[in-house]
Amino acid sequence: MKAFILDASLAIAWFFPDPQDEPTAMGKRSLFDEQVALVPTIWRAEIVNFVARQQTKGRISAAQATEMLHQIVQLPIGVVEDPTPAELLALSTRFQLTAYDALYLHSAMVSGEPLATLDAGLARAAGAAGVELV
């Protein structure tokens, strides 16, 4: 089975879409056709943090938050082992990324799988590192 690295920015866009961005929703269907997403361990915390902020701000109800998280955990997802702190620091400084974004870059680099992201800085760093983008 083929795989790809799924950045939280893209997953969030799938489940909390901008009404003007239909291609993002369409991309979800095509990416999961016979593929599995791989994520760093922080991915779940990033997703829950976003959903919690949306609920706190009154943009979604508690029921909507629960449903969104239920849908997200149904995705075919595997977890990539995190780098050592020294490796993470090296990637962060080399590519001028937050440690969070460096985790996604590391996942793509060690797995050899392409990266799916909406984050421009992470996409730039992936290109510089020779990582394929979805």
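Up top you'll find the structure we're talking about.
All figures in this text were calculated on a predicted structure; none of them were measured in a lab. Residue positions are given per chain, counting from 1 as you read along its sequence in written order. The predicted origin of the model limits local features to residues at a pLDDT of at least 70 and limits the giving and counting of side-chain atom pairs to 80 or more, whereas totals for whole chains, interfaces and linings rest on all residues. Working from all heavy atoms in the structure, the side-chain values ignore hydrogens and water.

**Notes on the overall build of the protein**
In terms of regular secondary structure, the protein is built from seven helices and four strands. A run of H or I in DSSP becomes a helix once it reaches four residues, and a run of E becomes a strand once it reaches two; helices and strands are each numbered from the N terminus. Moving toward the C terminus, one meets the helices and strands of the protein in the order β-α-α-β-α-α-β-α-α-β-α. Counting over 134 residues, the protein shows a buried share of 43%. Areas reported here follow the Shrake-Rupley algorithm with a probe of radius 1.4 Å; residue values treat only the protein chains shown as occluding. When the accessible surface of the protein is totalled, it reaches about 7,400 Å², and 56% of it is carbon and sulfur. The buried label goes to any residue with under 20% of its type's maximum accessible area, the exposed label to any with over 50%, and the partly exposed label to all in between, with areas taken from a 1.4 Å probe on protein chains only.

**Brief notes about the pairing of strand 2 (residues 35-40)**
Two faces belong to every sheet, and in a regular strand the side chains alternate between them. Strand 2 sits mainly inside the fold: six of its six residues count as buried. Burial along strand 2 is two-sided: Gln-35, Ala-37 and Val-39 facing one way and Val-36, Leu-38 and Pro-40 facing the other are all buried. One ladder, built from four bridges, connects strand 1 (residues 2-6) with strand 2; its direction is parallel. From the neighbouring strand, Ile-5 faces strand 2, where its bridge partner is Leu-38. Strands pair, by our definition, only if DSSP identifies at least two bridges between them.

**Brief notes about the packing of helix 5 (residues 85-95) against helix 6 (residues 99-111)**
At a minimum axis distance of 9 Å, the contact between helix 5 and helix 6 shows a crossing angle of 105 degrees. As summarised for this structure, helix 5 and helix 6 are arranged roughly perpendicular, according to the angle between their axes. Taken together, the residues of helix 6 that come into contact with helix 5 (itself represented by Glu-87, Leu-88, Leu-91, Ser-92 and Phe-95) are Ala-99, Ala-102, Leu-103, Leu-105, His-106 and Met-109. We call Asp, Glu, Lys and Arg charged. Ala, Val, Leu, Ile, Met, Phe, Trp, Tyr, Cys and Pro are nonpolar, and the rest, Gly among them, are polar. Split into classes, the residues belonging to the contact of helix 5 with helix 6 amount to eight nonpolar, two polar and one charged. For helices, the fitted axis covers only the stretch in contact; all axes are lines through C-alpha atoms, and the angles between them, taken along N-to-C directions, range from 0 to 180 degrees. Between 65 and 115 degrees an angle is taken as roughly perpendicular, under 35 as roughly parallel, over 145 as roughly antiparallel, and anywhere else as oblique. In what follows, residue pairs with any heavy atoms lying within 4.5 Å of each other are defined as contacts.

**Here we look at unusual backbone geometry**
Although it is not a glycine, Gln-96 adopts a positive phi angle of roughly 55 degrees. The residue Gln-96 is located in the loop between helix 5 and helix 6 in this model.

**So, the packing of helix 1 (residues 8-15) against helix 3 (residues 43-56)**
In the contact formed by helix 1 and helix 3, the axes pass within 10 Å of each other and the chain directions differ by 40 degrees. Of the possible angle classes, the one that applies to helix 1 and helix 3 is oblique. Handedness of the crossing formed by helix 1 with helix 3: right-handed. Facing helix 1, whose interface residues are Ala-8, Ala-11 and Ile-12, helix 3 presents Trp-43, Glu-46, Ile-47 and Phe-50. Of the residues contributing to the contact of helix 1 with helix 3, the split by class is six nonpolar, no polar and one charged. Left-handed describes a crossing in which the near helix is turned anticlockwise from the far one by less than a right angle; the clockwise case is right-handed.

**Considerations on the sheet that holds strand 3 (residues 77-80)**
Pairing in this open sheet of four strands is parallel, and the strands run 3-2-1-4 from one edge to the other. Each end of this open sheet is capped by a strand with a single partner; those strands are strand 3 and strand 4 (115-116). Looking at chain direction, strand 2 and strand 3 are connected through four bridges and run parallel. By the bridge assignment for strand 3, Pro-40 is matched with Val-80.

**A closer look at the nonpolar core**
General note: in soluble globular proteins, nonpolar side chains tend to be found buried as a group. In terms of nonpolar packing, the biggest core is built from 40 residues, with Leu-6, Trp-43, Ile-47, Leu-105 and Leu-115 touching the most fellow members. By residue number, the principal contributor to this core is helix 1, which donates six residues. Setting aside anything within four residues of it in sequence, one finds Ile-47 in contact with Ala-8, Ala-11, Ile-12, Leu-69 and Ile-72. Only buried residues count toward a nonpolar core. Its members are Ala, Val, Leu, Ile, Met, Phe, Trp, Tyr and Cys residues joined through side-chain atoms within 4.5 Å.

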